[in-house]
Amino acid sequence: MKPNEELNDTISRSATNVILNHDFSGGLHSWSPNGCDGFVVSSDSGYPQVIPASLNGRFAKVTNRNECWQGLEQDITNRVSAGSTYTVCAWVGILGSGQAVADVQATLKLEYQDSSVSYLPIGRTSASIGCFEKIEGTFCVSTMPHRVIFYLEGPPPGVDILVKSVVVSCPVSSQYDTQRKSFLFDDDGDIVQNPRFDGGLNNWSGRGCNIVLNESTAGGKILPQTGKYFASTANRTQNWNGIQQEITSRVQQKLAYEVFATVRIFGKNVSSADVRATLWVQTADLREQYIGVASVQATDKDWAQLHGKFLLNSSPSRAVIYLEGPPPGTDILLNNLVVKHAPKAPPASRPATQIALFGFNIVANSNLAKGTNGWFPLGNCTLGIGNGSPHILPPMAQDSLGPQEPLSGYYILATNRTQTWMGPAQTITERVQLFLTYQVSAWVRIGTGATRPQGVNVALGVDSQWVNGGQVEINDDEWHEIGGSFRIEKHAAKIIVYVQGPDPGVDLIVAGLQIFPVDRSARFKHLKKQTEKIRQRDVILKFTTSDSCTLFGTFVKIRQTQNSFPFGSCVNRTNIDNEDFVNFFVKNFNWAVFGNELKWYWTEPNKGSFNYKDADDLLNLCSSQNIQLRGHCILWEVETSVQPWIRALSRNDLMTAVQNRLTGLLTRYKGKFKHHDVNNEMLHGSFYQDRLGKDIRANMFKIAHLLDPSATLFVNDYHVEDGCDSHSSPEKYIQHILNLQEQGAPVGGIGIQGHIDHPVGPIVCSALNKLGILGLPIWFTELDVSSTNEYVRADDLEVMLREAFAHPAVEGVMLWGFWELFMSRDNGHLVNAEGDVNEAGKRYLVLKEEWLSKCHGLIDGQGHFEFRGFHGSYEVEIVSLSQGEKVTKTFVVDPGEDPLVITLNL
């Protein structure tokens, strides 16, 4: 078929084409060139045509392209639905001097209400001059964004894109149609009654305030976005006042619900405020819970879209959804609010990436052999070249790259800096691939004149966003290694890398800047060998019998039932009402930490008003399942995490309150928790130290040890392992621990929280090596990783688990949750809201299985069977080949370097 014939056939066999003016018969109507020029070429057009004769007929020509992403686009928001699968068929070509072949790609741009943008590659083809080639692909969006834009892009700048025609269609209707318009106007399955106020204020009420029905307000300036009516609050005196509806009988436990609302605010002195959707739940035993569902920054200028999800772990005795948030006196306006069962997301797929050149430095002229060619000053500073920098790569880069050519010794010098952000910069837009993890490495130094420690940061400007690529603090005139990482998961029009940080007037010196994609698979091979050395042991099973019969040639089958290495997770009281959650938890973890239930603001939210029931419930579950416990946390040094009544205390009363907290908690739970985080995040806060003096931190440890001597007492902090926070560098953490020990604090363990983005193994390992010199056990206490793509999230998780398991100083790993909607970070879950294990969860289970030993064979002439296995609990089955009898025995392999001899009497 010819292109037009095939497209017409596609349209006839499918639903209506989503693309308007698909063959450009209406010129460029409904289409827009994206940052470039475009026109339609046809036999009757007046445009000059330097077009091959083979490309006859009507088509669009996109020209004057200065960036690869520039092309032809069309807004298809109102013609697609979430959950539906669409097929794409487009015929494209290219035209450009010196370019015979180039890739053309179909892409979907998804713009959300929170201003975030994501890009979904659909398909691509290698187009050539003289003919049209077909792009084919499919796409499906799980939840409906604010805008959906289809566009064609890809060839290098200067190459024109030719588009013959485009069809986007949905041959089969999806069972999941949650496009926002459908969601709002299809009442089928709607949990909220009278969601658009067509029935006045029926079913609605004010939460601590009055509500009013409106057709318009503000002298007719505010009208509903959809429909005839909207509701508004009146006489709000508290932030939690708002509009509510009880939905008790219409929601079910263990089902995920999606919420959409159209909101705005109105008030005399407030033009912008946070509006939140919250679910208040009361259980059968009268426990109350407030579930944050969604929030949006609303204004008095226009309607805003609020979107979120929630799940109930148990059947509530009451459930009320309501809007809250703006300061008292500011009204909340609600045009509609819809709650429906959330559709399941379509199956995940690996991101489409080109072949990565692992280890290839994407920084041009990194060795400065061509002077400042390729570099430019960010701001009005001055760049120059000097000689005398290190000739070797920084250690963390060496660990990733292996042997390399020496560095040139040249450095780039930034002078006349009048702002902290000024420094050397380079555009790297076309050299960055989406979803690849890049390691950042450089030597940095500062000039004279600094009066305090100076932070130096490798940063990336990704369109209008700032991304941290690594950070170090400098307090001398020596060269320092800076190491970090980044990953870009959304298409960006422009990406620059720059080095910044010292105070204005302080010169900045940079050498050997490296940015390269990381080969994780190569690192994993190394870690597997290291793991076998430190987590396994040679075992000799010595079999004996009470009679004289020989065991030679008897078949044995060995299976490890549990690895002794602690793998744990955060749990919350509400989770244990969900038996699916509990089943996954007890099956796959052997340690636990409570998310909030042991924290002071939870156990004593108001002075003298105690709540230990939630912690007791969690403790009882874990004890019944033989799950060990970490106590988190006795105190928290960051002021924003200290409840108001404590912040209001005098010095003497605060000292008494701290003593009472230590005594009350540790006396009640003496011997129940193997670990305690004594004073959380001391590198990032100083509330107690500022008010009670520098000795208070060590005294907290001393008192805790006296009250519960069996518990190991930990320090606990974040960003220790990733190179992106100079406040919590390994060096600062080491000095912090040494200072505590010098004051007599019985510090027994080092907690690295592990809230990490795009981890790089050698950077993590470098931090572990440095902290390991203290000889204290290291635990990852709150590990989570985050990526919108489940496969990338799985890769990140594997990096962290393998690095931890392969390092001799690490003695345990705790995940900071695993179930969707019950984690502090988005896109970090291993199990979806309704219990489906996603790709990250599957990777965790695969690794757990990999670290269980299995083997079989025959007993030798000495009555022995030898193997090498992971530490932990085992079961061995002995089968008599002659008589067919089976005997099962159990044994434990403890850590140790010498072979372990275990005698089993049959």
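For the structure, see preceding data.
Residues numbered from 1 in each chain as written. Predicted model: local features only at pLDDT ≥ 70, side-chain atom pairs only at ≥ 80, totals over all residues. Heavy atoms only, no water.

## Digging into the environment of Ile646
For step 1, the next point in the chain: Looking at the secondary structure, you find Ile646 in helix H8 (residues 644–647).
For step 2, the next point in the chain: The exposure class assigned to Ile646 is buried, which follows from its relative accessible area of 0%.
For step 3, the next point in the chain: Counting along the chain gives 88 residues from Ile646 to Ile734, while the straight-line C-alpha distance between them is 30 Å.
For step 4, the next point in the chain: Not counting residues up to four positions away in its chain, the partners in contact with Ile646 are Trp600, Leu654, Phe687 and Tyr688. (Helix = DSSP H or I, 4+ residues; strand = E, 2+ residues; numbered from the N terminus. Buried < 20%, exposed > 50% of the residue type's maximum accessible area, 1.4 Å probe, protein only. Contact = heavy atoms within 4.5 Å.)

## Focus: the sheet that holds strand S4 (residues 72–75)
For step 1, the next point in the chain: In space, the five strands of this open sheet follow the order S1-S4-S9-S6-S7, with antiparallel pairing throughout. Here the strands that pair on one side only, and so sit at the sheet edges, are strand S1 (32–33) and strand S7 (117–128).
For step 2, the next point in the chain: Here strand S6 (residues 101–111) pairs with S7 via 11 bridges, running antiparallel. Each bridged residue has a counterpart across the sheet, and for Glu111 the counterpart in S7 is Val117. (Pairing = 2+ DSSP bridges.)

## A word on the nonpolar core
For step 1, the next point in the chain: Core analysis: the biggest nonpolar cluster contains 106 residues, and Leu541, Phe543, Tyr688 and Phe891 have the highest contact counts within it.
For step 2, the next point in the chain: Among residues more than four places away in sequence, those in contact with Leu541 are Ile558, Gly863, His864, Phe865, Phe867, Val876, Phe891, Ile902 and Leu904. (Core = buried A, V, L, I, M, F, W, Y, C linked by side-chain atoms within 4.5 Å.)

## Notes on the packing of aromatic side chains
For step 1, the next point in the chain: Enumeration according to the criterion identifies 35 aromatic pairs in this entry.
For step 2, the next point in the chain: Between the aromatic rings of Tyr601 and Trp636, the centroid separation amounts to 6.4 Å while the plane-to-plane angle is 25 degrees, which identifies the pairing as stacked. Taken together, the positions of Tyr601 in helix H6 (residues 600–603) and Trp636 in strand S36 (residues 635–636) put the pair 35 residues apart, joining distant regions of the chain.
For step 3, the next point in the chain: On the basis of relative accessible area, Trp636 is assigned to the buried category, the value being 15%.
For step 4, the next point in the chain: Their ring planes at 85 degrees and their centres at 4.9 Å tell us that Phe687 and Tyr688 sit as a pair that is edge-to-face. Residue Phe687 shares its accessibility class with Tyr688, and that shared class is buried. (Phe/Tyr/Trp six-rings, centres within 6.5 Å; stacked < 30°, edge-to-face > 60°.)

## Side note on the pattern of salt bridges
For step 1, the next point in the chain: As enumerated under the stated definition, the model contains 42 salt bridges in all.
For step 2, the next point in the chain: Arg825 is the salt-bridge partner of Asp757, the closest N and O atoms lying 2.3 Å from each other. Here the residue Asp757 occupies a position in the loop between strand S40 (749–752) and helix H13 (761–772), and Arg825 occupies one in the loop between strand S42 (810–815) and helix H15 (839–850), the gap between them amounting to 68 residues.
For step 3, the next point in the chain: Among the salt bridges present, the one from Glu850 reaches Arg802, with a minimum N-O distance of 2.9 Å. (Salt bridge = Lys/Arg side-chain N within 4 Å of Asp/Glu carboxyl O.)

## Remarks on the side chain of Thr437
For step 1, the next point in the chain: Turning to its location among the elements, Thr437 is positioned in the loop between strand S24 (423–427) and strand S25 (438–446).
For step 2, the next point in the chain: Side chain to side chain, Thr437 and Arg520 meet in a polar contact 3.4 Å long.
For step 3, the next point in the chain: Setting aside residues no more than four positions away along its own chain, Thr437 makes contact with Phe486, Arg487, Phe516, Pro517, Val518, Arg520, His758, Pro759, Val760 and Asp796. (Polar contact = N/O pair within 3.5 Å; in protein donor to acceptor, adjacent residues only side chain to side chain.)

## Concerning helix H12 (residues 730–742)
For step 1, the next point in the chain: Taking 1.5 Å as the rise per residue, H12 with 13 residues should run 18 Å; its terminal C-alpha atoms sit 18 Å apart, in good agreement.
For step 2, the next point in the chain: For H12, the elements touching its buried residues are helix H11 (696–707), strand S39 (712–717), S40 and H13.
For step 3, the next point in the chain: Immediately beyond the C-terminal end of H12, within one or two residues, lies Gly744, with a positive phi of roughly 90 degrees. (Expected span 1.5 Å × (residues − 1).)

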